[in-house]
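Given next are the chains, with one letter for each unit.
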Amino acid sequence: MRGIEKSLDSFNAQGIRPVAISVDPPEASRNLAQQSGYTFPLLSDQNGEAIRRYDLVHAGAGEHGQDISRPAEFLVDSSGTVRWVHLTENYWVRARPEQVLDVAKLLK
Amino acid sequence: MNIRRLNWPLWTGLLLTLVGFFSYISVFMWFPVTRDFPWANLLLFLLAAVLLFIGLRRAFAPDRPHPRRSKILASLVTAFSALVIALFIFGFFVFARWIPESKGAPKVGQKAPDFTLTDTSGKPVSLAELLSTPINGNPPKGVLLVFYRGYW
């Protein structure tokens, strides 16, 4: 997410809107955005609505044993179609902004 | 303690082990090159292992002033360091891979399921809105959804 913030100008120039989603309540996301200087939207999925629909629930993996989201990235085009998916196999390995920007060039 | 008698390879080995362990989260995690594969940390551990081995051999050499004490101490320091290195390797290569498979996640070419979530000011936001609200006056070409574990 730090990488996304750094590349935010490139994302905007490509017409791509990055959005981060977690089960954190809005206040927690607001604190995170303030502390880390994130200016893209952080959305709160407290009931796990989106996380369930995208089959990303990591049951009991939260700090207090709550269900959370596994890390995952999706690029969705303006028609609502998924154009690129990254489901990491290792918690530490995340998609790099360059990967997404390369795919974004192909979108109209 | 006489500086010439100090088992410096042993203690440097311990120090490098600890540096190798803690530097991932404090330093190397922030750069994709050292984050996606922790070669910098593994290199530090390798160097630490060599030094610990030398230190262990020194401690078991016959010329030590307190042979019993240095043997026990060196064995404990080496065992502790080995445990720290094993913990790191387990954490990165085993524990970090305990992630659900997400076989039902939307695939390329499929419709992204819509959702309505709450932004940081408590306002509801849907995927449809994210896909239609202009960016710098132009209609967006797409939305990048980044799901993360959260910190709460």
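Look up a bit, the structure's there.
Here's a quick rundown of the structure.

Definitions and limits used
- Residues numbered from 1 in each chain as written.
- Chains lettered and ligands numbered in written order.
- Predicted model: local features only at pLDDT ≥ 70, side-chain atom pairs only at ≥ 80, totals over all residues.
- Heavy atoms only, no water.
- Helix = DSSP H or I, 4+ residues; strand = E, 2+ residues; numbered from the N terminus.
- Rg over C-alpha atoms; globule rule 2.2 N^0.38 Å.
- Lys, Arg positive; Asp, Glu negative; His and termini not counted.
- Charge placed at Lys NZ, Arg CZ, Asp CG, Glu CD.
- Axes fitted to C-alpha atoms, helices over the stretch in contact; angles between N-to-C directions.
- Parallel < 35°, antiparallel > 145°, perpendicular 65-115°, else oblique.
- Left-handed = near helix turned anticlockwise from the far one by under 90°.
- Contact = heavy atoms within 4.5 Å.
- Buried < 20%, exposed > 50% of the residue type's maximum accessible area, 1.4 Å probe, protein only.
- Buried area = accessible area lost by both parts, 1.4 Å probe.
- Salt bridge = Lys/Arg side-chain N within 4 Å of Asp/Glu carboxyl O.
- Polar contact = N/O pair within 3.5 Å; in protein donor to acceptor, adjacent residues only side chain to side chain.
- 1 Å grid on protein atoms, 1.4 Å probe; cavity = no way out; pocket = protein on both sides within 12 Å on 5 of 7 lines; lining within 4 Å.
- Points joined across faces, edges and corners; volume = space filled by probe spheres on them.
- Nonpolar A, V, L, I, M, F, W, Y, C, P; charged D, E, K, R; others polar.

### Notes on the overall build of chain B
Each helix and strand in chain B was counted, giving 5 helices and 3 strands. Reading the helices (α) and strands (β) of chain B from amino to carboxyl end gives α-α-α-α-β-β-α-β. Taken over the C-alpha trace, chain B has a radius of gyration of 26 Å; the compact-globule value for 152 residues is 15 Å, which it surpasses by more than 25%. In terms of overall dimensions, chain B has a C-alpha envelope of 80 × 35 × 25 Å along the principal axes. Counting 16 positive and 6 negative side-chain charges, chain B places the centres of these two groups 21 Å from one another.

### Details of the packing of helix α1 (residues 8–26) of chain B against helix α4 (residues 67–93) of chain B
All names here are of chain B. Closest axis-to-axis distance for the α1/α4 pair is 10 Å, and the angle between their directions is 20°. It follows that α1 is roughly parallel to α4 by the angle criterion. Handedness of the α1/α4 crossing: left-handed. Here Leu-10, Trp-11, Leu-14, Thr-17, Leu-18, Gly-20, Phe-21 and Tyr-24 of α1 lie close against α4, whose contacting residues are Leu-73, Ala-74, Val-77, Thr-78, Phe-80, Ser-81, Val-84, Ile-85, Leu-87, Phe-88 and Phe-92.

### Some points on unusual backbone geometry
Phi at A:Asp55 takes a positive value of approximately 55°, unusual for a residue other than glycine. Looking at the element boundaries, A:Asp55 is found in the loop between α4 (49–53) and β3 (57–58). The partly exposed category is assigned to A:Asp55, whose relative accessible area is 31%. In this model, B:Asn136 sits at a positive phi of 50°, which is unusual for a non-glycine residue. Locating B:Asn136 in the fold gives a position in the loop between α5 (127–132) and β3 (142–147).

### Considering the interface of chain B and chain A
With 58 residues of chain B at the interface, the matching set in chain A holds 70 residues. Taking both sides of the interface into account, the surface hidden between chain B and chain A amounts to around 6,000 Å²; carbon and sulfur atoms contribute 59%. Taken as a group, B:Lys141, B:Phe147 and B:Arg149 account for 17% of the area that chain B buries against chain A, more than any other trio of residues on that side. Where chain B meets chain A, there are 2 salt bridges. A salt bridge links A:Glu89 to B:Arg97, with the nearest nitrogen and oxygen atoms 3.9 Å apart.

### A few points about the side chain of B:Asn41
Residue and element names in this part refer to chain B. Along the chain, Asn-41 turns up in helix α3 (residues 39–59). Within polar-contact distance, the side chain of Asn-41 engages the backbone oxygen of Gly-20 at 2.8 Å. Setting aside residues up to four positions removed in sequence, Asn-41 forms contacts with Gly-20, Ser-23, Tyr-24, Phe-28 and Phe-88.

### Overview of the pattern of salt bridges
On inspection of all chains with the given rule, the structure shows 8 salt bridges over all chains. Between B:Asp36 and A:Arg96 there is a salt bridge, with its nearest N and O atoms 2.9 Å apart. One end of the pair, B:Asp36, is in the loop between α2 (32–35) and α3; the other, A:Arg96, is in the loop between β6 (82–86) and α5 (97–104), on a second chain. Accessibility expressed as a relative area gives 18% for B:Asp36, which makes it buried. In this structure, a network of salt bridges that share partners links the residues A:Arg96, B:Arg35 and B:Asp36.

### Considerations on the layout of surface pockets
If you add up the space inside the largest pocket, you get close to 1,200 Å³. Contributing elements (two or more residues each) for the lining of the largest pocket: α1 (2–6), α3 (26–36) and α5 of chain A together with α2 and β3 of chain B. The leading source of residues in the lining of the largest pocket is α1(A), at 4 residues. Residue composition of the lining of the largest pocket, grouped by class: 23 nonpolar, 6 polar and 10 charged. When its volume is computed, the second largest pocket comes out at roughly 400 Å³. In terms of lining, the second largest pocket is formed by 16 residues, of which the most central are A:Tyr91, A:Trp92, B:Gly91, B:Phe92 and B:Phe95. Among the secondary structure elements, those contributing two or more residues to the lining of the second largest pocket are α1 and α4 of chain B.

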